[in-house]
Amino acid sequence: MAKPSATIFARILDGELPCHRVYEDDHVLAFLDVFPLSDGHTLVIPKERVAFLHQLSDTAAAAVGRCLPRIARAVMKATGAEAYNVLQNNGSAAHQAVFHVHFHIIPKVGDRGLGLSWHPSSLTQDRGADLAQAIADAID
Ligand code: AMP
């Protein structure tokens, strides 16, 4: 797996590669995806260089969380989209290609945007109780 310091997004942060920047502050950069699923497809990244969401510090996570709604509002206003998806992939099996945490804001306009294949199962009472307890116990 590539080290976060070697990723394309790290090189954008370092000014080695260009981007179409839409927002920047001390902790966050947002720019257009160069292979957009729809017009306005935007990536929001922390400046902290970690690969996965669960590795983010509270400070970086809070900074990203604070600006995501503002950037989403701007994307909708600029594109006229009335619907959008926020996508955040972790791990190759989950379709992550760039190993620096990033959130996609993907406007849904007509048939352009994120396509989803969603195959839900059903949560039984027992399994739900066990899983909720296991996850609650694992929270640090
Ligand atoms: P993911 O599959 O969640 O890791 O998504 C990575 C995203 O980064 C893809 O949507 C790519 O189109 C996008 N991407 C790759 N290289 C660049 C780049 N140089 N500038 C902007 N977006 C990029």
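Our subject is the structure listed above.
Just so it is clear, the structure is predicted and the values come from calculations on it, not from any experiment. (Residues numbered from 1 in each chain as written. Predicted model: local features only at pLDDT ≥ 70, side-chain atom pairs only at ≥ 80, totals over all residues. Heavy atoms only, no water.)

1. Some remarks on the side chain of Gln88
Rule in force here: Each helix corresponds to a stretch of at least 4 residues labelled H or I by DSSP, and each strand to a stretch of at least 2 residues labelled E; elements are numbered beginning at the N terminus. Remark: exposure states derive from per-residue accessible area (1.4 Å probe, protein chains only) relative to the maximum for the residue type, with buried under 20%, exposed over 50%, and partly exposed in between. For this analysis, a polar contact is any N or O atom pair within 3.5 Å, provided that within protein one partner can donate a hydrogen and the other can accept it, and provided that sequence-adjacent residues contribute only side-chain to side-chain pairs. Between two residues, a contact is recorded if the distance between any of their heavy atoms is within 4.5 Å.
Looking at the secondary structure, you find Gln88 in the loop between strand S4 (84-87) and strand S5 (103-107). Taking the relative accessible area as the measure of exposure, Gln88 reaches 18% and is therefore buried. A polar contact of 2.6 Å, which involves the side chain of Gln88, links it to the side chain of Asn90. Each residue touching Gln88, except ones within four places of it in the same chain, is listed here: Leu53, Val101, His102 and Phe103.

2. Brief notes about the site of the ligand
Selection rule: Being near a molecule or strand, for a residue, comes down to having at least one heavy atom within 4 Å of it. Calculation of accessible area relied on Shrake-Rupley with a 1.4 Å probe; when residues are assessed, cover is drawn exclusively from the protein chains displayed.
Taken together, 16 residues form the shell around the ligand, and within it Asp33, His95, Ala97, His102 and His104 come nearest. Measuring from an oxygen atom of the ligand, one finds a backbone N or O atom of Val98 at 3.0 Å. Separating an oxygen atom of the ligand from a side-chain N or O atom of His104 is a distance of 2.8 Å. Isolated, the ligand exposes 510 Å² of accessible area, and the fraction of that covered by the protein chains is 83%.

3. Considering the sheet that holds strand S2 (residues 28-32)
The cut-off we apply is this: Pairing between strands requires that DSSP locate at least two bridges from one strand to the other. Lines fitted to C-alpha atoms define the axes here, with helix axes fitted over just the stretch in contact, and angles between the N-to-C directions of these axes take values from 0 to 180 degrees.
The sheet built from five strands is open, its strands ordered S1-S2-S3-S5-S4 with antiparallel pairing. The outermost strands of the open sheet, each flanked by one partner alone, are strand S1 (21-24) and S4. Ignoring which end each strand starts from, the neighbouring axes of this sheet average 15° apart. The sheet contact formed by S2 and strand S3 (residues 42-46) spans five bridges and is antiparallel. By the bridge assignment for S3, Leu29 is matched with Ile45.

4. What to know about the pattern of salt bridges
Operational definition: A pairing counts as a salt bridge when a side-chain nitrogen of Lys or Arg comes within 4 Å of a carboxyl oxygen of Asp or Glu.
Under the criterion given, the structure shown has four salt bridges. The closest approach of N and O atoms between Arg49 and Asp14, which form a salt bridge, is 2.7 Å. With a gap of 35 residues between them, Arg49 in the loop between S3 and helix H2 (58-79) and Asp14 in the loop between helix H1 (8-13) and S1 connect regions that are remote in the sequence. On the accessibility criterion, Asp14 (43% relative accessible area) is partly exposed. The network of salt bridges with common partners includes Arg21, Glu24 and Lys47.

5. Thoughts on the nonpolar core
To keep it simple, the criterion reads: We define the nonpolar core as a collection of buried residues of types Ala, Val, Leu, Ile, Met, Phe, Trp, Tyr and Cys that are connected through side-chain atoms lying within 4.5 Å of one another.
Counting 17 residues, the largest nonpolar core has Val28, Val44, Ile71 and Ile105 as its most contacted members. Secondary structure elements with two or more residues in this core: S2, H2 and S5. Tallying contributions element by element places H2 first for this core, with eight residues. Leu29, Phe31, Leu43 and Val98 belong to the second-largest nonpolar core, a separate cluster that totals seven residues.

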